[in-house]
Amino acid sequence: MLRYRYRVYPDTVQQAAIARLFGCVRVAFNDALALRKTHYAETCTHLSSRVVSAALTASKRTPEREWLNEVSCIPLQQAVRDLDTAYKNFFSSVTGKGSRVSPPRFRKKSSSGSARFTTSARYSLRQVNTGKALLTLPKIGELHLAYFRVVPAAPTSVTLIREADGRYYASFVVDPDPSTMIASTSTDEAERTAGLDLGLTDFAAITYSDGTRAKFPAPRFYRKAQRKLAWAQRELSRRVKGSRNRAKSRVKVARVHAKIRDDRQDFTRKIAVPLARENQTVAVETLNIKGLARIRLAKSIHDAGWGAFIHDLTHAGEKYGCAIIGISQWEPTSQTCSVWGIKTGRKAPDSRAWTCPECGARLDRDYNAALNFMLAAGLVESLNDCGGNIRLRLAEAILEETVTTQLMDAV
C-alpha cells in the first residue's frame, strides 16, 4: 500500500464547503464516542461499530442533527470506523500488543481537519495537463490539484486534509500491482549494497560495497528556525484568546513549523530515495528513538528526524525492491575495528576518529560503524570480492574529513 499526497487549491466557496464537512465529521466522531462511553457506563459492555453506525444514520433524521445531510455520508461513516480502530488499538496496547496508546478522546474545533472518501463515494480524478488535475468530490465539486506525479493505479480512498497553516492536501491510497514495482537501478553489474550510520554531527555516513562512501552533515532545521519560532510564539502569547488576531498569530506559528517539517522531509527523502533506488540491500541500525529522546540530547535527536528518515527509507525500499536490514542497537559497531574485527572498548562521544591498538589503522568513527553494519548484515562477501584492502579504504579516517568534522562540532 502506497500513499500519494498532492496540494489542493480550493476557491472560497469550496473552502466553506470543506470547513462544513470537517465540522460534520468532528460531530459524528464525538457523538459516536459519547454513545459508546454512555453505553459502557450503564451496561459495562461495548457497542459494535454496526450499532454505532446505525445510530448515526438515525440521528440524521432528528431536528438536532438534520444538518449532517448537507455533506456526503461517506466521511461520516468513516469517522465511526476510525473510532472503532482507535478502540481496537487501545485494547491491543492494554494487553501488551503494539505501542502504548491512550483511549479515544473527543475532538475539538481547530484550524486543521480531515475527511476520508472511499470508492463508494464515487469520486473521480482526472488529469487536465502536465502538473494539473481535477478531483471531483460529492457536495464539494471539482478541486484543482498540483499533479506532478501520476498515480500508478486506481486509488482505493482519498483523504482531504487541511493543515494548521491553512494549506489543503489530497492523500490517495493505492495498492499497486507488484509486477509494476520499479526495480533498483544499481550501477554495478554485481549487486551493490550499503551500510548506513545515523548521527547528530553528520546526519548519515554511508559506505558502499563498490568502495565508495559519503557523508551528509546534519542540517539542524529546527535550531536554525528557533529565533523565528520564538518570535511567532511570543506574539501568539500576547493575543487575546478567541480573537481574530490570535487566530492569525496561530497560523504564523504553524507556518514556521510547516517550513521546518517540509525542509526536513525534503532533505531525508533526497537521501532515502537514491539510496534505495541504487542499491540492492541497505543495512541500518534499529534505534530506540523514544528512549534516546529522554536524554539531554532530546532536542537534537528530534531535530535530526531519524524516525522519519527510516520511514521514508523503508517505503522507498518497498517501491524500488531494496531490502532494508535492521541491525540491533546493542551491536558494538562503534567499538569494533571493521578491518580486523577486534573489539577495542567504548569511545567518547566527541571522538570522531580513533586508532586501533591491534592493527594500527586510523578509523573514522561513522564510516567504521557503517561498515560494521554491513558485516553484521552478512554483506561481507560483497566486500571481499572488491579486494583485500576494501575495508580499510572504507573505514579509514582521512585528515581533511576529521578536521572538518571537528570544526563542525566547535560550531
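Just so you know, the residues in each chain are numbered from 1, in the order the chain's sequence is written. Thresholds applied to this predicted model are a pLDDT of at least 70 for local features of residues and 80 or more for the giving and counting of side-chain atom pairs; totals over whole chains, interfaces and linings are not thresholded and use all residues. Water and hydrogen atoms play no part in the side-chain values, which are based on all heavy atoms of the structure.

## Focus: helix H3 (residues 73–94)
Rule in force here: The numbering of helices and of strands both runs from the N terminus, where a helix is a DSSP run of H or I of at least 4 residues and a strand a run of E of at least 2. The span one expects for a helix is its residue count, reduced by one, times 1.5 Å. Should any heavy atoms of two residues lie within 4.5 Å, those residues are considered in contact. Residues adjacent in sequence count toward polar contacts only when both atoms are side-chain atoms; beyond that, a polar contact is any pair of N or O atoms within 3.5 Å, and within protein one must be able to donate a hydrogen and the other to accept it.
Helix length check: H3 (22 residues) gives 32 Å between terminal C-alpha atoms against 32 Å at 1.5 Å per residue, within 8%. Where the residues of H3 are buried, they touch helix H1 (12–43), helix H2 (49–59) and strand S2 (113–118). The opening residue of H3, the one whose side-chain oxygen lies 3.4 Å from the backbone nitrogen of isoleucine 74, is serine 72. One or two positions beyond H3, positive phi appears at glycine 96, with a value near 95°.

## Some details on the packing of H1 against H2
Heads up, the condition is: Axes here mean lines fitted to C-alpha atoms, for a helix over just the part in contact, with angles spanning 0 to 180 degrees between N-to-C directions. By definition in this entry, angles of less than 35 degrees are roughly parallel, angles greater than 145 are roughly antiparallel, angles of 65 to 115 are roughly perpendicular, and the rest are oblique. Handedness of a helix crossing follows the sense of rotation of the near helix relative to the far helix, less than a right angle counterclockwise being left-handed and clockwise being right-handed. Under the grouping applied here, Gly and all other residues not named as nonpolar or charged are polar, the nonpolar ones being Ala, Val, Leu, Ile, Met, Phe, Trp, Tyr, Cys and Pro and the charged ones Asp, Glu, Lys and Arg.
Where H1 meets H2, the closest approach of the two axes is 10 Å, and the angle between their N-to-C directions is 125°. The orientation of H1 relative to H2 falls into the category oblique. For the crossing formed where H1 meets H2, the hand is right-handed. Contacts between H1 and H2 pair Ala28, Ala32, Leu35 and Arg36 from the former with Val52, Ala55 and Leu56 from the latter. Of the residues contributing to the contact of H1 with H2, the split by class is 6 nonpolar, no polar and 1 charged.

## Concerning the sheet that holds strand S3 (residues 124–129)
The condition is simple: What makes two strands pair is DSSP finding at least two bridges between them.
Read across the sheet, 7 strands follow the order S2-S6-S7-S1-S5-S4-S3 without closing on themselves; strand pairing throughout is antiparallel. Whereas interior strands pair on both sides, the edge strands pair on one side only; in this sheet they are S2 and S3. The average undirected angle you get between the axes of adjacent strands in this sheet is 30°. In this sheet, strand S6 (residues 157–162) lies alongside S2 in antiparallel orientation, the contact comprising 6 bridges. Its bridge partner lying in S6, glycine 113 is registered against arginine 162.

## A word on the packing of aromatic side chains
Short version of the rule: Stacked, tilted and edge-to-face pairs are distinguished by plane angle, under 30 degrees for stacked and over 60 for edge-to-face with tilted covering the rest, among Phe, Tyr and Trp rings (Trp via its six-membered ring) whose centres lie within 6.5 Å. Here, over-ring charges are defined by two tests on the NZ atom of lysine or the CZ atom of arginine: distance to the ring centre within 6 Å, and angle to the ring normal within 35 degrees.
Counting across every chain of the model gives 7 aromatic pairs. Considering the side-chain rings of phenylalanine 90 and phenylalanine 91, the 5.6 Å spacing of their centres and the 50° angle between planes classify their relative orientation as tilted. Both rings, one in phenylalanine 221 and one in phenylalanine 267, keep their centres 6.0 Å apart while their planes meet at 70°; by these two values the pair is edge-to-face. Here phenylalanine 221, found in helix H4 (residues 221–224), pairs with phenylalanine 267, found in helix H6 (residues 244–277); they are 46 residues apart in sequence, far enough to count as distant. Members of the aromatic cluster, joined through ring pairs, are Phe203, Phe221, Phe267 and Phe309. Sitting above the plane of the tyrosine 169 ring, arginine 5 keeps its charged end 4.1 Å from the centroid.

## Considering the confidence of the model for the chain
Close inspection of predicted coordinates is inappropriate in any region flagged by low pLDDT. Our working definition: Confidence scores here are pLDDT values: one per residue, from the predictor, ranging 0 to 100.
Considering every residue of the chain, the mean pLDDT works out to 87; 91% of them sit at 70 or more. Low confidence marks residues 186–190, where pLDDT is under 50. Its contacts with residues over four positions away, or in another chain, come to 5 contacts. The model gives residues 399–411 a pLDDT under 50, and that stretch makes 13 contacts with residues more than four places away or in other chains.

## Focus on the side chain of asparagine 279
Rules: Each residue's exposure class comes from its accessible area (1.4 Å probe, protein chains only) as a fraction of the maximum for that residue type: buried when under 20%, exposed when over 50%, partly exposed otherwise.
With respect to the element layout, asparagine 279 can be found in the loop between H6 and strand S11 (281–285). What makes asparagine 279 buried here is its relative accessible area of 0%. A polar contact of 3.0 Å, which involves the side chain of asparagine 279, links it to the side chain of arginine 192. A polar atom in the side chain of asparagine 279 sits 2.8 Å from the backbone oxygen of leucine 275.

## A closer look at the nonpolar core
The cut-off we apply is this: Throughout, nonpolar core names a set of buried Ala, Val, Leu, Ile, Met, Phe, Trp, Tyr and Cys residues whose side chains join them through atoms within 4.5 Å.
With 43 residues, the main nonpolar core has Leu137, Ile140 and Leu145 as its most contacted residues. The element best represented in this core is H1, accounting for 10 residues. Non-local contacts of leucine 145, meaning those with residues more than four positions away in its chain, are made with Tyr6, Arg7, Val8, Leu125, Gly131, Lys132, Ala133, Leu135, Ala170 and Phe172. One finds Leu198, Ala204, Trp306 and Tyr320 within the second-largest nonpolar core, a separate group that totals 31 residues.

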